[in-house]
Amino acid sequence: MSIDPRVVKDELIQIYPKKLRQKRSEQIVVTEHREDSSVPEIKANVRSSPGIITQRGCTYAGCKGVVIGPSRDILSLVHGPIGCSFYAWLTRRNQTRPESPEAQNFINYCLSTDMQDENIVFGGEKKLKVAVREAFQLFHPKAIAIFSTCPVGLIGDDVHAVAREMKAELGINVFGFSCEGYRGVSQSAGHHIANNGLFKHIIGLNETPHDEKFKVNLLGEYNIGGDGFVLENILTRCGIKQISTFSGNSTYDTMANSHTADLNLVMCHRSINYVAEMMEKRFGIPWMKVNFIGADSSAKSLRKIAEYFDDAELTARVEEVIAEEMAIVEATRATVKARCQGKTAMLFVGGSRAHHYQMLFTEIGMKTIAAGYEFGHRDDYEGRKVLPGLKVDADSRNIEEIEVVPDPERYRPRRTPEQLAKIEGLTEMEFRDYIGMMPEMDEDTLVIDDLSHHETERLLEIYRPDIFCAGIKEKYAVQKMGIPCKQLHSYDYGGPYAGFKGAINFFNDIDRMVNMKIWSYVNPPWQAKPEQRAEVAAD
Ligand code: CFM
């Protein structure tokens, strides 16, 4: 591509008023590989500016929808106006598979206190109590989680006091989340709040022991389109016991039992790193970054797990599974690669997939020419090494930081200092570390945080990529410009895309999309008659 990304950057932001232009210029960087292996600094996890059409969601979405919602037998009760529930009802394709037809499964339900004007004026706590009692009588769940929406914080309802009272009254676990939509700059704040809740109210409550030799939790895997099913199958075939995921296809009991594992595997660093860190401090369970998106990345991740456990039998089994799976992947990969080689992709999603899915494109010879997160933090772009230098601003101070100390009885370091030193010495290990997106990208590639709609349009006009990856809000605007858009949140109606089997599905889906002629026939009305562009009045 002969287009200079630095010129494109200026072009994307030149329409903005001066202050906004300055801010956006710090959120858009061009990758460079420096000798000291550092990457350029990016501004991230800051508020979106008024007037900008952002891809982001709210804090409530990150807490209820993303982290807690996928667990099938925690009853989620939303305290708020009905719209907050309606919009969150079954829109994320997190799948679940109950152990038996009788097992509790509340995934299909949407419970709300349906706040009205009267509750906003006179308070909604009474209504919330009635709702909790009613939910209990109807479903008899083990746990009820209460989620606060914006008005709850504004009027000052104390959901935690209600939760405590209901817990005592009903004799089940009831806990609340102060995850009002406005509480942080994006859904990322909701992840943190949910992580804190998991840690305070669930993890460690179930002491069921396990005899298996290799026990792990898979953190930050939400079973979108069945990804989690594929991964549990792979781990099981390798002889690794998955105690719990956080939180795809999980149950209250598995999460409560997760402190019995010997290793935490972190898929999505952004949404769950807090739990990983806190579990290590309290229980002594180390964590490692894995990426099961992409066949090569899956193989690499399995080998990392085997290296951690350092057991000849496990290593042999892992190699067998990799060999078996890779043989099948290769057949599809080779034909798809022949058709996709050299094509270009752009990825703008969440806080981890814009990184992980680049691997899948690389495996079929496609090049990522621009990528960015909606709500990633600097560590997701530049690696955790920037963490000590991160400034705590008013928005992040809003979220509780839990002080964690070793559990007096249950803290048990899983590895000796010698073993740890050995693991840390391994190259490519990312042990208690995440190197971030930028170091794995090509030189001179655009990285854009919190991409706006205006920037999306300009990027598409300038580069005309072969595929654009984003979500439902972007999809049809992009496709009307004659460029196929793959939803990387919901996978459209496809998936699973994780693991080896998932890679095959992805290769086939992308092949179909980028090689379909129909996109060149799209002829939107504004091509002949462009709309009038708005102008900035004040600068
Ligand atoms: Fe993690 Fe996710 Fe993502 Fe995320 Fe999400 Fe998602 Fe995502 Mo949508 S937890 S950060 S808040 S990988 S829902 S399963 S696809 S934006 S990139």
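Residues numbered from 1 in each chain as written. Predicted model: local features only at pLDDT ≥ 70, side-chain atom pairs only at ≥ 80, totals over all residues. Heavy atoms only, no water.

## Looking at the overall build of the protein
Rules: Runs of E in the DSSP output that reach at least two residues are strands. Runs of H or I that reach at least four are helices, and both are numbered from the N terminus. As a reference, a globule follows 2.2 Å times the number of residues to the power 0.38, and the radius of gyration itself is taken over C-alpha atoms. Think of it in three bands: with a 1.4 Å probe and only protein chains considered, a residue is buried below 20% of the maximum accessible area for its type, exposed above 50%, and partly exposed in between. Throughout, a residue-residue contact means that at least one pair of heavy atoms, one from each residue, lies within 4.5 Å. Residue-level accessible areas treat just the shown protein chains as cover; the underlying method is Shrake-Rupley with a 1.4 Å probe.
Scanning the protein for helices and strands turns up 21 helices and 14 strands. Relative to a compact globule of 539 residues, whose C-alpha radius of gyration would be 24 Å, the protein shows 23 Å and is just as compact. Taken along the three principal axes of its C-alpha coordinates, the protein extends 65 × 65 × 45 Å. Within the protein, the fraction of its 539 residues that count as buried is 58%. A fraction of 77% describes how many contacts in the protein between residues 6 or more apart in sequence connect residues 24 or more apart. On the protein, roughly 23600 Å² of surface is accessible, and the fraction owed to carbon and sulfur atoms is 53%.

## Considering the sheet that holds strand β8 (residues 263-266)
Here is the rule: Note on pairing: two strands pair once DSSP finds at least 2 bridges between them. In this analysis an axis means a line fitted to C-alpha atoms, helices contributing only their contacting stretch, and an angle means the value between N-to-C directions, from 0 to 180 degrees.
With parallel pairing, four strands are arranged side by side in an open sheet as β7-β6-β8-β9. What marks the edges here is a single partner per strand, and that holds for β7 (241-247) and β9 (287-289). Taking each pair of neighbouring strands and ignoring which way they run, the sheet shows an average axis angle of 25°. In terms of strand pairing, β8 meets β9 through three bridges, oriented parallel. Looking at β9, one finds that V266 is bridged to K289. The sheet contacts of helix α10 (residues 227-238) involve β6 (215-221) and β7, and relative to β6 the element is tilted by about 160°.

## So, the site of the ligand
This is how it is decided: Note on terminology: near, applied to a residue and a molecule or strand, indicates that one of the residue's heavy atoms is within 4 Å of it. Ten residue types, Ala, Val, Leu, Ile, Met, Phe, Trp, Tyr, Cys and Pro, are classed as nonpolar, four, Asp, Glu, Lys and Arg, as charged, and the remainder, Gly among them, as polar. Each domain's extent was defined by an automatic or database domain assignment.
Taken together, 13 residues sit near the ligand, with R92, H191, C268, S352 and H489 positioned nearest. Classifying every residue of the shell around the ligand by side-chain character gives five nonpolar, six polar and two charged. When residues of the shell around the ligand are sorted by domain, at least three fall in each of domain 1 (1-56 + 341-382 + 437-489) and domain 3 (206-329 + 384-433).

## Considerations on the pattern of salt bridges
Which entries qualify depends on this criterion: Salt bridges, as used here, are contacts in which a Lys or Arg side-chain nitrogen is within 4 Å of a carboxyl oxygen on Asp or Glu.
Inspection of every chain in the model, using the stated rule, returns 39 salt bridges. In this structure, R270 and D380 form a salt bridge, with 2.7 Å as the shortest nitrogen-oxygen distance. Of this pair, R270 sits in helix α12 (residues 269-283) while D380 sits in helix α16 (residues 378-382), placing them 110 residues apart in sequence. Exposure remark for D380: the relative accessible area of 0% places this residue in the buried category. Residues R333 and E330 are paired through a salt bridge, measuring 2.8 Å at the closest nitrogen-oxygen approach.

## Details of the sheet that holds strand β13 (residues 467-470)
Taken in spatial order, the six strands make up an open sheet running β1-β12-β11-β10-β13-β14, and their pairing is mixed. Of all strands in the sheet, those bounded by a partner on one side alone are β1 (28-30) and β14 (485-487). Adjacent strand axes in the sheet meet at a mean angle of 20° when their direction is disregarded. Judged from the three bridges that link them, β13 and β14 form a sheet pairing that is parallel. Bridging from a neighbouring strand, F468 pairs with C485 of β14. Against the sheet, helix α21 (residues 499-514) touches β13 and β14, its axis set at about 155° to β14.

## Digging into the packing of aromatic side chains
The relative placement of two aromatic rings is captured by the distance of their centres and the angle of their planes. Condition: Here the aromatic set is Phe, Tyr and Trp, taking the six-membered ring for Trp, and pairing holds for ring centres within 6.5 Å; pairs whose planes are under 30 degrees apart are stacked, those over 60 apart are edge-to-face, and all others are tilted. Counted as over-ring charges are cases with an Arg CZ or a Lys NZ within 6 Å of the ring centre that also lie within 35 degrees of the ring normal.
Applying the stated criterion across every chain, the model contains 15 aromatic pairs. Between F86 and W89 the ring centres are 6.4 Å apart and the planes differ by 70°, which places this aromatic pair in the edge-to-face class. Its relative accessible area of 60% is what places F86 among the exposed residues. Exposure remark for W89: the relative accessible area of 41% places this residue in the partly exposed category. Among the aromatic residues, those joined into a ring-pair cluster are Y357, F361, Y491, Y497 and F506. Cation over ring: R97 sits above F229, and NZ or CZ is 3.7 Å from the ring centre. Lying across the ring of Y308, R415 places its NZ or CZ 4.4 Å from the centre.

In short, the description is geometric, and any link to function would need to be established separately.
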